[in-house]
Amino acid sequence: MDRNRLGTPDPELLEFAANPQTPRCLRANHAALCDLAVERGDPVVLMTFAWHIPPDYTLQKFGDDQLDYAHKGKNRCAAELWGKAEHVAHALRLQNDEIRALASDWRAQGGISAGLTEVGLPGVQLLDMDDRLPHTGENFIDPCHLTETGSAAFVEILWPLVEAAIESFENAGRPRR
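A few points on the structure. These figures come from a predicted structure and were not determined experimentally.

**What about the overall build of the protein chain?**
When helices and strands are tallied, the protein chain shows five helices and two strands. The linear arrangement of helices and strands in the protein chain, starting from the amino end, is α-β-α-α-β-α-α. The burial tally for the protein chain puts 37% of its 177 residues in the buried class. The contacts of the protein chain with a sequence gap of at least 6 include a subset with a gap of at least 24, amounting to 71%. Roughly 10,200 Å² of accessible area belongs to the protein chain as shown, and the carbon and sulfur atoms make up 55% of that amount.

**Thoughts on the state of the cysteines**
One pass over the full model with this rule turns up zero disulfides. The closest cysteine sulfur to the non-disulfide-bonded C77 is located on C144, 6.4 Å from its own sulfur.

**A closer look at unusual backbone geometry**
One non-glycine residue, D65, adopts positive backbone phi at about 55°. Note that D65 resides in the loop between α2 (59-63) and α3 (85-108).

**Considering the side chain of N96**
Locating N96 in the fold gives a position in helix α3. In this structure N96 touches T48, F49, W51 and D130, once residues within four positions along its chain are discounted.

**With respect to the packing of aromatic side chains**
Taken as a whole and judged by the stated rule, the model has two aromatic pairs. Aromatic side chains Y57 and F62 sit 6.0 Å apart centroid to centroid with 45° between the ring planes, which places their arrangement in the tilted category. F62 carries the same exposure label as Y57, and that label is buried. Put simply, the rings of Y57, F62 and Y69 touch in pairs and so form one group of aromatic residues. Above the face of the F62 ring, R76 is positioned so that its terminal group lies 4.0 Å from the ring centre.

Rules and cut-offs
- Residues numbered from 1 in each chain as written.
- Predicted model: local features only at pLDDT ≥ 70, side-chain atom pairs only at ≥ 80, totals over all residues.
- Heavy atoms only, no water.
- Helix = DSSP H or I, 4+ residues; strand = E, 2+ residues; numbered from the N terminus.
- Buried < 20%, exposed > 50% of the residue type's maximum accessible area, 1.4 Å probe, protein only.
- Contact = heavy atoms within 4.5 Å.
- Areas by Shrake-Rupley, 256 points an atom, 1.4 Å probe, with all protein chains shown as cover.
- Disulfide = S-S within 2.5 Å.
- Phe/Tyr/Trp six-rings, centres within 6.5 Å; stacked < 30°, edge-to-face > 60°.
- Lys NZ or Arg CZ within 6 Å of the ring centre and 35° of its normal.

Structure representation (structure tokens):
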């Protein structure tokens, strides 16, 4: 029985995820967003993807509710929606590496984009959610969607940066957007 709410792709399509093209594109898009935000004087938080694919993951075990995911049943997505589980995990690691590298590059530039020299612009910060949110079934209903517990932990990790951004805007006399 296919209990993946969006269905399962044809088996021959699962191999397309073996050679992920998204990390390079993701980095380029994030870099362009960082440039725009810094140009506008907006704070930026680059955040890695939190995810959980148990080591013993198989589509059969996922469908039979035999994995550590907290939520059982229909409203979740199997890893195979994107490709074979090992390929999806590999792609997520590569994407997170690109986000970390972009944040590192920004730190090396002093948080200022190439070509911008205005001092006092907000920097680009990294929130490594992949590192901070435990990869456990308690936090996930499937490879990338959070449980209520996971959502609460996500907000607890994210909120200090949001709060600091709000305070920064208010202290600078800038309106909230």
